[in-house]
Structure formats: structure tokens, C-alpha cells
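One letter stands for each residue in the lines below.
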Amino acid sequence: MSTVTSADGTAIAFEAYGEGRPLILVDGATAHRAVNPINAEVGKLLSDSFRTYVYDRRGRGGSGDTAPYAIQREIEDIAALIEDAGQPAIVFGWSSGSLLALDAAAAGLPIAGLALFEPPVVVDDVRPPLPSDYVEQLDAFVAEGRRDKAAELFMTAAAMMPAEAIPGMKQSPYWAPVEEIAHTISYDGRIMGTTMSGNPLPQDRWADVKVPVLVLYGDQTWPALSAGARAVAEHLPTATLQAIPGENHGTEASTLAPVLREFAGLT
């Protein structure tokens, strides 16, 4: 494991695979290296041509977490990784991580292209919007020491899992790692902002994104996620929309790696 030091002094843990053009993979809510092996697998598959950075977002895994939180701090984390790489990077984001990647590009970081997998966007009534006080609820649960309730809120309000499924999830090996980093779920809530409100995307948020953007979604995913991917692609003048056959809100490294290789070759 290696680390870079972000602008506020926070240590950000990462592993790098291969040599070549930099590729930075940004996880979505609750994911990090210890629970998401796909990023490392992608890095190994692309190691002949890319230096792939697989990192723990702040507050997760081996990375530090300096209060107070701000989206700008996470943008600075990506900037530190790009500085380590020494040249402009391709940045790939999973789910809410794709919105962070967009924010990083809009902030002017040296990013050559963006690939986004199923950004969490709701601009119509295809599903209920997030509660307007979603972030405040998450913060309150964490402040009360009730990380389990924060994780439950994420699962039911954001991921749309039925409430009756939660007791079973709590008995699975998946639950403990989610609860452990439940304080970071509100970070992604802040990054999403109003993107899951059911209203149109704000016109100015990513107006400065000029690089090529590939918006990906699984053709077997939930209708709300495919609609969100289309909304983002239509919102960004430099974007292309691509369906991944047979996939839902996730995919295999063997499927994702060639898509990223092809996209990088066009940017």
C-alpha cells in the first residue's frame, strides 16, 4: 500500500497497478479496496498499458479523514493522485463516485477523459426522490452513535431496498463493513446534492466539463438508473451513452476493462 498526502494533510491510501497512462478509479458510496475487488482486477487487466490507481476515499479503509468534510477535500484527494501520476489522467467513477469525478473535472483538474458508471440521477418520477433532509438524517444518526440506522437509511432511501430485506442484510458479511464506514455515506449525499430530487440537473454544476465523457449503464439495470444515465449523457455536450449488455448496477472486471481501454484510446 502507498499513500499520497492531500492538500489538507490527509493521507490517502492507494495501490497502483501497471505502468503507462494514468487511470484513477473512484468508488461510490460505502465501497473501498477491502470490499470492492473489481477495481484491483481492472488494474491488473490493464497493467500492460495503464498505471491504474485504486484508492480508498477519505474516511474508508486505509485513508485518513480530516474534519470538517467538504466536497473540495475529495477533489483535492484526486488531485494528489494525479500529481503522483505526473500527467493528466482518465478518471472512472462508480455510481456517486462518478459525480465526484465530474466535480473534479469541472474544478479544472488535469483530467483527459471521464467514464461514469450509472450516476445516481433522478430527474423525473420514475422512482421516489431522496428525502430533502437525507444528509441531515444521516449526520444525526452518526452523531447519536447509530451507524446502523444511517446504513439502513442509505439502503432504503437511496438504494431502494425494501425495509423487510434489512434484517436479513444485517446477518450477512456485507453489513459490518458498511456500518463501519456509515459516517461517509453523508459525504456521498453531499456530492449528489439535488441530483436525486426528481428535478432537472442544475445547468451550471458541470458546465466547465469539456473533456470526453463516456456514460455507462447496464442494460438490465433498474429503470431509474438507466434513465439517470441518459439524463447525464444528454446534459453534457461531450458525452456518449453506452449500454453494457447483461449488466445491472455493477459489472465484472473482464467486461469493464476493455471498455475503459477502448475509451482511453479515443481520448
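Residues numbered from 1 in each chain as written. Predicted model: local features only at pLDDT ≥ 70, side-chain atom pairs only at ≥ 80, totals over all residues. Heavy atoms only, no water.

### Topic: helix α8 (residues 185-192)
So the rule is basically this: Here the term buried applies to any residue with accessible area under 20% of the maximum for its type, exposed to any over 50%, and partly exposed to those in between, with areas from a 1.4 Å probe on protein chains only. By definition, any uninterrupted DSSP run of H or I lasting at least four residues is a helix, any uninterrupted run of E lasting at least two residues is a strand, and each is numbered from the N terminus. Contact between two residues is taken to exist if any of their heavy atoms lie within 4.5 Å; hydrogens are not considered.
α8 sits mainly inside the fold: seven of its eight residues count as buried. Among the residues of α8, Ile185, Ser186, Tyr187, Asp188, Gly189, Ile191 and Met192 are the ones counted as buried. Where α8 is buried, its residues contact α2 (71-85), α3 (96-106), α4 (134-143) and α5 (147-158).

### Considering the pattern of salt bridges
This is how the line gets drawn: Any Lys or Arg side-chain nitrogen found within 4 Å of a carboxyl oxygen on Asp or Glu counts as a salt bridge.
The final tally for this structure, using the stated rule, is 16 salt bridges. Note that Arg58 is salt-bridged to Asp77, the shortest N-O span being 2.8 Å. Separated by 19 residues along the polypeptide, Arg58 in the loop between β4 (50-55) and α2 and Asp77 in helix α2 bring together distant segments of the chain. Neither Arg58 nor Asp77 differs from the other in exposure class; each is buried. Glu152 is the salt-bridge partner of Lys149, the closest N and O atoms lying 3.3 Å from each other. With a gap of three residues between them, Lys149 and Glu152 both fall in helix α5, about one helical turn apart. Lys149 gets classed as partly exposed once you look at its relative accessible area, which sits at 26%.

### Remarks on the packing of aromatic side chains
Short version of the rule: Between 30 and 60 degrees the pair is tilted, below 30 it is stacked and above 60 it is edge-to-face, where a pair is any two Phe, Tyr or Trp rings, Trp via its six-membered ring, whose centres lie within 6.5 Å.
Going through the model one piece at a time under the given rule, you end up with four aromatic pairs. Relative to Tyr187, the ring of Tyr69 lies with its centre 3.9 Å away and its plane at 5°, an arrangement referred to as stacked. Note that Tyr69 is positioned in the loop between β4 and α2 and Tyr187 in helix α8, a separation of 118 residues in sequence.

### A word on the pairing of strand β2 (residues 11-17)
Which entries qualify depends on this criterion: At least two bridges found by DSSP between two strands are what make those strands a pair.
Where strand β1 (residues 2-5) lies against β2, four bridges are found, and the strand directions are antiparallel. Note on β2: the bridge partner recorded for Thr3 is Ala13. Here β1 hands over to β2 after five residues, with Gly9 in that stretch at a positive phi of 90°. One ladder, built from four bridges, connects β2 with β4; its direction is antiparallel. Paired with Glu15 across the strands is Val54, a residue of β4.

### Focus: the packing of helix α1 (residues 38-45) against helix α10 (residues 253-266)
Relative orientation and spacing of two packed helices are given, respectively, by the angle between their axes and the distance between those axes. The test is simple: Each axis is a line fitted through C-alpha atoms, and for a helix only the stretch in contact is used; angles between axes span 0 to 180 degrees, taken between their N-to-C directions. Roughly parallel refers to an angle under 35 degrees, roughly antiparallel to one over 145, roughly perpendicular to one between 65 and 115, and oblique to any angle outside these ranges. Note: crossing handedness is left-handed where the near helix turns anticlockwise from the far helix by less than a right angle, and right-handed where it turns clockwise. Amino acids outside the nonpolar list (Ala, Val, Leu, Ile, Met, Phe, Trp, Tyr, Cys, Pro) and the charged list (Asp, Glu, Lys, Arg) are all regarded as polar, and Gly is one of them.
The interhelical angle for the contact between α1 and α10, taken along N-to-C directions, is 55°, at an axis separation of 9 Å. Classified by the interaxial angle, the pair formed by α1 and α10 is oblique. When you trace α1 past α10, the crossing you get is right-handed. The segment α1 lies against α10, with Ile38, Glu41, Val42 and Leu45 engaging Ala253, Ser254, Leu256, Ala257, Leu260 and Arg261. Tallied by class, residues from the contact of α1 with α10 come to seven nonpolar, one polar and two charged.

### Points about the sheet that holds strand β8 (residues 239-244)
Overall, mixed pairing links the eight strands, which are arranged β1-β2-β4-β3-β5-β6-β7-β8 in an open sheet. If you trace the sheet from one side to the other, it starts and ends with β1 and β8, each paired once. Across the sheet, the axes of successive neighbouring strands diverge by a mean angle of 25°, strand direction being ignored. Judged from the six bridges that link them, strand β7 (residues 213-218) and β8 form a sheet pairing that is parallel.

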